[in-house]
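Residues per chain, in single letters:
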Amino acid sequence: MGAVLWLVGVLAVGVAGVYAASAVLSPRGVAGSGPFLSGAWPREHAMSRFHVRWYAVTLVFLAFDMEMVFMYPWAVVVAEVGAMAVVEMFAFLGLLLVGVLYAWREGAFRWA
Amino acid sequence: MDEGTGAAAVSLVVSLAVLAYGAAALDAGLGGARGAAGAPLREAARLLVQGRRRTLVPDTLLVRTGTVLLPLAALLAATVLPAGDRPVLDSGVGIVWFNAMEVCVWGALWLVGWGVNSVYPLIGGYRFLAQGLSYELPHMFALITVALGAGSLRIADVVAAQREVWFVVWMPVAFVVYLVSALAMAFWGPMGEPVGRNVAGGVPAELSGADRLVFAAGRYALLVVVAAAAVPLFLGGGAGPVLPGWAWTAVKTVAVLGGLVLVGQRVPAVRMDRFTEFAWVVLIPLTLLQTLVVAIVVLP
Amino acid sequence: MGFWTLAVLAVAGGAAVFVVNSMARATFALLTSLLAVAGTLLLVDLGYVGVLVVLMMVMEMLVMAVFMIMYMMNPAAGAHGAEDAGDDGDRDGHPGDDDLHRGARHPPGTVRPMTLQSFLLLAAALFSIGLYGALSQQSIVMLMMGLELMINALIAAGGAFWYYVAPHNADGQVLVLVAVTVMALEMAMGFAVTTAIFRARDVDLTDEAGDLKG
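The structure displayed is predicted, hence computed values, not measured ones.

1. Topic: the overall build of chain B
Scanning chain B from terminus to terminus reveals 11 helices and 1 strand. In sequence order, chain B lays out its α and β elements as α-α-β-α-α-α-α-α-α-α-α-α. Relative to the 2.2 N^0.38 estimate, which gives 19 Å for 300 residues, the radius of gyration of chain B is 19 Å and therefore close to what a compact globule would have. In terms of its C-alpha atoms, chain B occupies a principal-axis envelope of roughly 65 × 45 × 40 Å. When contacts within chain B are restricted to residue pairs at least 6 apart in sequence, long-range pairs at least 24 apart make up 78% of them. On chain B, roughly 10400 Å² of surface is accessible, and the fraction owed to carbon and sulfur atoms is 67%. Side chains of chain B carry 18 positive and 16 negative charges; the gap between the two charge centres is 11 Å.

Next comes the structure, spelled out in structure tokens:
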């Protein structure tokens, strides 16, 4: 872990160096400007409500994502536990895939 | 920190920097720039002397955090990869560590996209999240297939398990899926919509000067790391005739990296609303099938 | 020393969730707290669980950010002093906020060794902040952040109990994994319900969704 911290330190020094060089070399001051909108005038706040059309995907993702919590340890012990481990895990995956199938039928994966 | 680890850390920093520079130069060359070998250097110099600008009421804390997080995530993900004969961090859960660090890129892009208070970067950040929701699961299943084949989450064990036959030979689907997700992770080429031209450069559109330089460097470092990870995971690590291990690792890494850069220049962009459906309906069942095949093979 | 640094970071991040004015900052303050707890798990030989918490929480907090913006109008407006009278407004000005913030920090002073007690102290602090959030917040997303802080405390305490009480038994680790799963479940359920009610009635505050109140 010490070596990792050392690497992070090296990166920190490097990034600080870039910012310091920029501060020294670039023209004084910071130009305040509006957001770049191909020259158009911003008519609304950038953070105004944003329609995320794929939010249904995020819910399916959360379910499948949790599968990983159990699947990483599973991968290590398959050879020890034997066929039962494979059957159980893929039955679980099968159940989750039924959910994916349902979401697909509902058109959750296509939003344009 | 003992001597071997120290040497590994130094070689990691140097090789990451050299390869990232090489990737940037190759990309410039393929893009038709003259004097491509010096192009990244000229671009860095341009950004360093560039006047800084800022948008109206940005959340500077979030923007800086996101910008610096990008190279940091690449560096931390690289610590478990054996550059020479050993990695800097010989973790028993190296594959999960790699996965976790690479996921930090989600946060980095969204923070930058949100923080600058501008529409196009925000759209870029959202695009990357949609991309993440699509590529991450096939990617994880590819990694799990590798762990399953080796019976371990330690990357050194994965390399050792490939002494006789490389994983790419009997896990071709997982390998291809890994390469696709590698492009997506580094938002590169066909998966580069989060920084696409149709949103004026997307996430880094409002970054200038040092911020932009760190962001770009981090992206190239990320590309190098995802390419380098393919070598111990699928291509036998340092295995090969005549040459020493580190040389083979370097040769294979450069080959994969060159392939990714070439794909980035030659393949058109993929729309995420199409790719999401493809990923969930085709890639996930396909990788699961691959996992099943490997699971049956490793059964005693 | 490493433990106390992470513990202070976890508690400070947790407290910041209910202090800062920007929803984006609140989300990432919560993420800081979660990641700091993951760091403490790495200190007690919970390699897999610790790294897994990092992996899962980064993704979950980004999903949270997506939903947060879907429900919120101009959530960042408060971040720069331009106060919104709406749902941002009631998150500041709580008289208890500052006391909570200060009281929750452990002054490291003399560096004490890391013990089960210190982990439980951390867990208790996180749980209290989470409970405060879950009880005091009206925005459903903020309320969920409170719940998540409480589960975060559970993860810290569960990991410590495994390490100090029953390290030869894998059950404790599995319990922590279940807590991580519960957190994702809470998010998936919470967002599904909130999205449904938000679509139907444009509501994301608990007080306006009191239909089932007896």
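2. Some thoughts on the interface of chain C and chain B
With 22 residues of chain C in contact, the opposing surface of chain B contributes 24 residues. Carbon and sulfur atoms make up 88% of the area that chain C and chain B hide from each other, which totals about 1900 Å². Our enumeration of links across chain C and chain B arrives at 1 salt bridge. The closest approach of N and O atoms between B:Asp59 and C:Arg25, which form a salt bridge, is 2.5 Å.

3. Some points on the packing of helix α9 (residues 209-234) of chain B against helix α10 (residues 245-266) of chain B
Residues and elements named next belong to chain B. Contact pair α9 / α10: the axes reach a minimum separation of 8 Å and the direction vectors enclose 125 degrees. With respect to α10, the axis of α9 lies oblique. Seen from above, α9 lies across α10 with right-handed handedness. Side by side, α9 and α10 meet where Leu223, Val224, Val226, Ala227, Ala228, Ala230 and Val231 of the first sit next to Thr249, Lys252, Thr253, Val256, Leu257, Leu260 and Val261 of the second. Here the contact of α9 with α10 is built from residues that sort into 11 nonpolar, 2 polar and 1 charged.

4. Notes on the interface of chain B and chain A
Taken together, the contact pairs 75 residues of chain B with 60 residues of chain A. When chain B packs against chain A, the two sides together hide about 6000 Å² of surface, and 79% of this comes from carbon and sulfur. Between B:Glu277 and A:Arg110 there is a salt bridge whose closest N-O contact spans 3.1 Å. For the interface between chain B and chain A, the tally reads 6 residue pairs in polar contact (both at pLDDT 80 or more). Listing elements by their share of the side of chain B that touches chain A, those giving two or more residues are α1 (3-30), α2 (39-49), β1 (52-54), α3 (60-78), α4 (94-115), α5 (119-150), α9 and α11 (272-298) of chain B. The biggest single contributor to the side of chain B that touches chain A is α5(B), with 17 residues. Each residue belonging to the side of chain B that touches chain A can be placed in one class, and the counts come to 50 nonpolar, 14 polar and 11 charged. Bridging between strand β1 (residues 30-32) of chain A and β1(B) involves 3 bridges; their strand directions are parallel. Of the residues in β1(B), the one forming a bridge with A:Ala31 is B:Arg53.

5. A word on the nonpolar core
In this structure, A:Trp74 and B:Trp110 are the most contacted members of the largest nonpolar core, which totals 214 residues. The greatest single-element share of this core, amounting to 22 residues, is contributed by helix α3 (residues 47-71) of chain C. With sequence-adjacent residues up to four places away left out, B:Trp110 is seen in contact with B:Gly125, B:Tyr126, B:Leu129, C:Ala24, C:Phe28, C:Leu62, C:Ala65, C:Met68 and C:Ile69.

6. Some words on the pattern of salt bridges
All names here are of chain B. Counted according to the given criterion, the structure contains 10 salt bridges over all chains. Residue glutamate 43 pairs with arginine 46 through a salt bridge whose shortest N-O separation is 3.1 Å. Within this pair, glutamate 43 and its partner arginine 46 are both found in helix α2, separated by 3 residues, close to a single helical turn. For glutamate 43, a relative accessible area of 35% puts it in the partly exposed group. For the salt bridge of arginine 154 with aspartate 157, the shortest nitrogen-to-oxygen distance reads 3.9 Å. When its relative accessible area of 32% is taken as the criterion, aspartate 157 is described as partly exposed. Through salt bridges with shared partners, a single ionic network connects Asp90, Arg154 and Asp157.

7. So, the packing of α1(B) against α9(B)
Residue and element names in this part refer to chain B. Two elements in contact, α1 and α9, have axes whose closest approach is 9 Å; the angle formed by their N-to-C orientations is 105 degrees. Taken as axis vectors, α1 and α9 run roughly perpendicular relative to one another. Here Leu16, Leu19, Ala20, Ala23, Ala24 and Asp27 of α1 come into contact with α9, specifically with Tyr220, Ala221, Val224 and Val225. Among the residues making up the contact of α1 with α9, the classes are represented as 9 nonpolar, no polar and 1 charged.

8. Quick word on helix α8 (residues 172-185) of chain B
Residues and elements named next belong to chain B. For α8, built from 14 residues, the straight-helix expectation of 20 Å at 1.5 Å per residue is met to within 8% by its first-to-last C-alpha distance of 20 Å. All of the buried residues along α8 are Ala174, Phe175, Val177, Tyr178, Ser181, Ala182, Leu183, Ala184 and Met185. Buried positions along α8 lie against α4, α5, α7 (167-170), α9, α10 and α11. In the segment just after α8, phenylalanine 187 is the residue with positive phi, at about 35 degrees.

9. Overview of the side chain of B:Gln290
Residue and element names in this part refer to chain B. If you trace the backbone, glutamine 290 turns up in helix α11. On the basis of relative accessibility, which here comes to 6%, the residue glutamine 290 falls in the buried class. With residues up to four places along the chain from it excluded, the contact list for glutamine 290 reads Thr145, Trp170, Met171, Pro172, Val173 and Ala174.

10. Let's talk about a nonpolar patch on the surface
Residues A:Trp6, A:Val10, B:Val10, B:Val14 and B:Val18 make up a contiguous nonpolar surface patch of about 400 Å² in total accessible area. Secondary structure elements with two or more residues in the nonpolar patch: α1 (2-25) of chain A together with α1 of chain B. At 3 residues, the largest contribution of residues to the nonpolar patch is made by α1(B). Along the chain, the position of B:Val18 falls in helix α1.

11. Quick look at the packing of aromatic side chains
Residues and elements named next belong to chain B. One pass over the full model with this rule turns up 23 aromatic pairs over all chains. Relative to phenylalanine 215, the ring of phenylalanine 187 lies with its centre 6.2 Å away and its plane at 50 degrees, an arrangement referred to as tilted. Here phenylalanine 187 is found in the loop between α8 and α9, whereas its partner phenylalanine 215 is found in helix α9, with 28 residues between them in sequence. For phenylalanine 187, a relative accessible area of 0% gives the class buried. Using a relative accessible area of 4% as the deciding quantity, one classes phenylalanine 215 as buried.

12. Observations concerning the confidence of the model for chain C
The predicted structure's coordinates, where accompanied by low pLDDT, should not be read in detail. Residue and element names in this part refer to chain C. For chain C, the mean per-residue pLDDT works out to 79, and 80% of the residues sit at or above 70. Between the elements of chain C, mean pLDDT differs from a low of 36, seen in helix α4 (residues 96-104), to a high of 92, seen in helix α5 (residues 116-136). Counting interchain partners and residues more than four positions distant, the pLDDT-below-50 stretch residues 73-108 has 62 contacts.

Basis of the calculations
- Residues numbered from 1 in each chain as written.
- Chains lettered and ligands numbered in written order.
- Predicted model: local features only at pLDDT ≥ 70, side-chain atom pairs only at ≥ 80, totals over all residues.
- Heavy atoms only, no water.
- Helix = DSSP H or I, 4+ residues; strand = E, 2+ residues; numbered from the N terminus.
- Rg over C-alpha atoms; globule rule 2.2 N^0.38 Å.
- Contact = heavy atoms within 4.5 Å.
- Areas by Shrake-Rupley, 256 points an atom, 1.4 Å probe, with all protein chains shown as cover.
- Lys, Arg positive; Asp, Glu negative; His and termini not counted.
- Charge placed at Lys NZ, Arg CZ, Asp CG, Glu CD.
- Buried area = accessible area lost by both parts, 1.4 Å probe.
- Salt bridge = Lys/Arg side-chain N within 4 Å of Asp/Glu carboxyl O.
- Axes fitted to C-alpha atoms, helices over the stretch in contact; angles between N-to-C directions.
- Parallel < 35°, antiparallel > 145°, perpendicular 65-115°, else oblique.
- Left-handed = near helix turned anticlockwise from the far one by under 90°.
- Nonpolar A, V, L, I, M, F, W, Y, C, P; charged D, E, K, R; others polar.
- Polar contact = N/O pair within 3.5 Å; in protein donor to acceptor, adjacent residues only side chain to side chain.
- Pairing = 2+ DSSP bridges.
- Core = buried A, V, L, I, M, F, W, Y, C linked by side-chain atoms within 4.5 Å.
- Buried < 20%, exposed > 50% of the residue type's maximum accessible area, 1.4 Å probe, protein only.
- Expected span 1.5 Å × (residues − 1).
- Patch = residues over 30% accessible without salt bridge, like charges linked within 9 Å, V, L, I, M, F, W, Y side chains within 5 Å.
- Phe/Tyr/Trp six-rings, centres within 6.5 Å; stacked < 30°, edge-to-face > 60°.
- pLDDT = per-residue confidence, 0-100.

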